[in-house]
Amino acid sequence: GADSLVLTGANTTTGALNVNAGTVKLGATNVIYDSADIYFNGGNLSTGFNDIIRRMYLTDNSTLTLGQTAHALTFIYTDSLLNNKTLFCEGAPEN
């Protein structure tokens, strides 16, 4: 659906982050544990803060929305950008 989840605290869980629908917004720096994977199963990941993601899996067409401030989203492994799916990358709307 169109719901949103904002992550604001340090995350120490080693489980994967699944973005299935709606928006998951990174609301602070380093809210994803560095050894966690992210699965794009549809939906949107909205960034605006520095974070490190171990590995990204693109299992369905999804969107990555980049925030308006300078920041870095680092992927440790990039060998999983397969599956003939599309990751749309777009800038955040201006206020």
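Residues numbered from 1 in each chain as written. Predicted model: local features only at pLDDT ≥ 70, side-chain atom pairs only at ≥ 80, totals over all residues. Heavy atoms only, no water.

1. Focus: the overall build of the chain
The test is simple: Runs of E in the DSSP output that reach at least two residues are strands. Runs of H or I that reach at least four are helices, and both are numbered from the N terminus. For every residue, the accessible area obtained with a 1.4 Å probe (protein chains only) is divided by the maximum for its type, and the residue is called buried under 20%, exposed over 50%, and partly exposed between those limits. Only heavy atoms enter the contact rule, under which two residues are in contact if any of them lie within 4.5 Å.
In terms of helices and strands, the chain carries zero helices and nine strands. Shown N-terminal to C-terminal, the secondary structure of the chain runs as helices and strands in the order β-β-β-β-β-β-β-β-β. Within the span of the chain, comprising 95 residues, buried residues form 31% of the whole. Across the chain, the fraction of contacts at a sequence separation of at least 24, relative to all contacts at a separation of at least 6, is 25%.

2. With respect to the sheet that holds strand β2 (residues 17-19)
In plain terms, the rule: Any two strands between which DSSP finds at least two bridges are classified as paired. Comment: axis = line fitted to C-alpha atoms, over the contacting stretch for helices; angle = value between 0 and 180 degrees taken between N-to-C directions.
Spatially, four strands are ordered β2-β4-β6-β8 in an open sheet, and the strand pairing comes out parallel. For this open sheet the edge positions go to β2 and β8 (73-77), each flanked by a neighbour on one side alone. In this sheet, neighbouring strand axes are inclined to one another by 40 degrees on average, regardless of whether the strands run parallel or antiparallel. Taken together, the four bridges between strand β6 (residues 51-60) and β8 define a ladder with parallel strand orientation. Residue pairing in the sheet places I52 in a bridge with T74 of β8.

3. Digging into the nonpolar core
Condition: Residue types Ala, Val, Leu, Ile, Met, Phe, Trp, Tyr and Cys, when buried and joined through side-chain atoms within 4.5 Å, form a set referred to as a nonpolar core.
Residues L17, L26, I32, I38, F40 and L45 are the most contacted members of the largest nonpolar core, which totals 16 residues. Of all the secondary-structure elements, those providing two or more residues to this core are β2, β3 (23-26), β4 (37-41) and β6. Residue contributions to this core peak at three residues, all from β6. Leaving out residues up to four positions away in the same chain, I38 has contacts with L17, V19, L45, I53, R55, M56, Y57 and F75.

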